[in-house]
Amino acid sequence: MPAELVSELRSRAGRRGLSGYVTEAVRHQLAMDGLAEIVASHEEEHGALTEQEVEAARRELFGEENADAVERGAA
């Protein structure tokens, strides 16, 4: 891993430590990979998701007040 990346990770990891930070990042990436697989499987069977379906999923997952922030990449 590049030294500048390790340095930034250490500064952000805080009390979790580098291992805890990396563990959470990997856990998050695995969840996102799983979600991408679910979406791909659904789209293979039913066609592309509509904007309305995506918005409904955001609201279900993140709640009304957080769905707009998620869409903007803030959450």
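Owing to the predicted nature of the structure, the values given are computational and were not obtained by experimental measurement. Note on numbering: residues in each chain are counted from 1, in written sequence order. Note on the predicted model: pLDDT of at least 70 is required for a residue's local features to be given, and 80 or more for side-chain atom pairs to be given and counted; whole-chain, interface and lining totals, by contrast, use all residues. Side-chain numbers come from the whole structure's heavy atoms, not from hydrogens or water.

Draft legend 1. Region of the structure containing the overall build of the protein. Comment: elements are numbered from the N terminus, with helices defined as DSSP H or I runs of at least four residues and strands as E runs of at least two. Regarding its fold elements, the protein presents four helices and zero strands. Seen in sequence order, the protein has helices and strands lined up from the N terminus as α-α-α-α. Carbon and sulfur atoms make up 53% of the accessible area of the protein, which amounts to about 6200 Å² in all. All accessible areas in this document rest on Shrake-Rupley with a 1.4 Å probe, and a residue is counted as covered only by the protein chains that are shown.

Draft legend 2. Here's a closer look at the packing of helix 1 (residues 3-13) against helix 2 (residues 17-46). Structural elements are reduced to axes, namely lines fitted to C-alpha atoms, with helices fitted over the stretch in contact, and the angle between N-to-C directions of any two is expressed from 0 to 180 degrees. The interhelical angle for the contact between helix 1 and helix 2, taken along N-to-C directions, is 95°, at an axis separation of 9 Å. As summarised for this structure, helix 1 and helix 2 are arranged roughly perpendicular, according to the angle between their axes. Residues Leu9, Arg10, Arg12 and Ala13 of helix 1 form the contact with helix 2, whose own contacting residues are Gly17, Leu18 and Tyr21. In this count, Pro and Cys sit with the nonpolar residues alongside Ala, Val, Leu, Ile, Met, Phe, Trp and Tyr, while Asp, Glu, Lys and Arg are called charged and the others, Gly among them, polar. Its residues assigned to classes, the contact of helix 1 with helix 2 comprises four nonpolar, one polar and two charged. Note that the term roughly parallel is reserved for angles under 35 degrees, roughly antiparallel for angles over 145, roughly perpendicular for angles of 65 to 115, and oblique for everything else. Here, two residues are considered to be in contact whenever any of their heavy atoms come within 4.5 Å of each other.

Draft legend 3. Region of the structure containing the pattern of salt bridges. A pair is scored as a salt bridge if a Lys or Arg side-chain nitrogen falls within 4 Å of a carboxyl oxygen belonging to Asp or Glu. In the structure shown here, the tally under the stated rule is four salt bridges. Arginine 12 is paired through a salt bridge with glutamate 8; the nearest N and O atoms lie 3.1 Å apart. Of the two residues, arginine 12 and glutamate 8 are both situated in helix 1; the distance of four residues between them amounts to about one turn of the helix. Buried means the residue's accessible area, taken with a 1.4 Å probe over protein chains only, is under 20% of the maximum for its type, while exposed means over 50%, and partly exposed covers the values in between. Residue class for arginine 12 comes out exposed when judged on its relative accessible area of 52%.

Draft legend 4. Region of interest: a nonpolar patch on the surface. Taken together, the side chains of Val22, Val26 and Leu30 define a hydrophobic patch exposed on the protein surface, amounting to about 240 Å² of accessible area. Mapped onto the secondary structure, valine 22 falls in helix 2. Grouping into patches uses exposed residues only, defined as over 30% relative accessible area, and leaves out salt-bridged ones; the cut-off is 9 Å for like charges and 5 Å for nonpolar side chains (Val, Leu, Ile, Met, Phe, Trp, Tyr).

Draft legend 5. Region of interest: the confidence of the model for the protein. Confidence of the predictor at the level of single residues is given by pLDDT, which spans 0 to 100. Chain-level statistics for the protein give a pLDDT mean of 88 and a share of 87% at 70 or above. Model confidence for the protein, summarised as mean pLDDT per element, is weakest for helix 4 (residues 64-71) at 67 and strongest for helix 2 at 95.

Draft legend 6. Just helix 2, in detail. Take the residue count of a helix, subtract one, and multiply by 1.5 Å to get its expected span. Taking 1.5 Å as the rise per residue, helix 2 with 30 residues should run 44 Å; its terminal C-alpha atoms sit 43 Å apart, in good agreement. Just beyond helix 2, the residue with positive phi is glycine 47, at close to 90°.

Draft legend 7. Focus on helix 3 (residues 51-62). The terminal C-alpha atoms of helix 3, which comprises 12 residues, lie 16 Å apart, in line with the 16 Å expected from a rise of 1.5 Å per residue. At the exit of helix 3 stands glycine 63, carrying a positive phi of roughly 85°.

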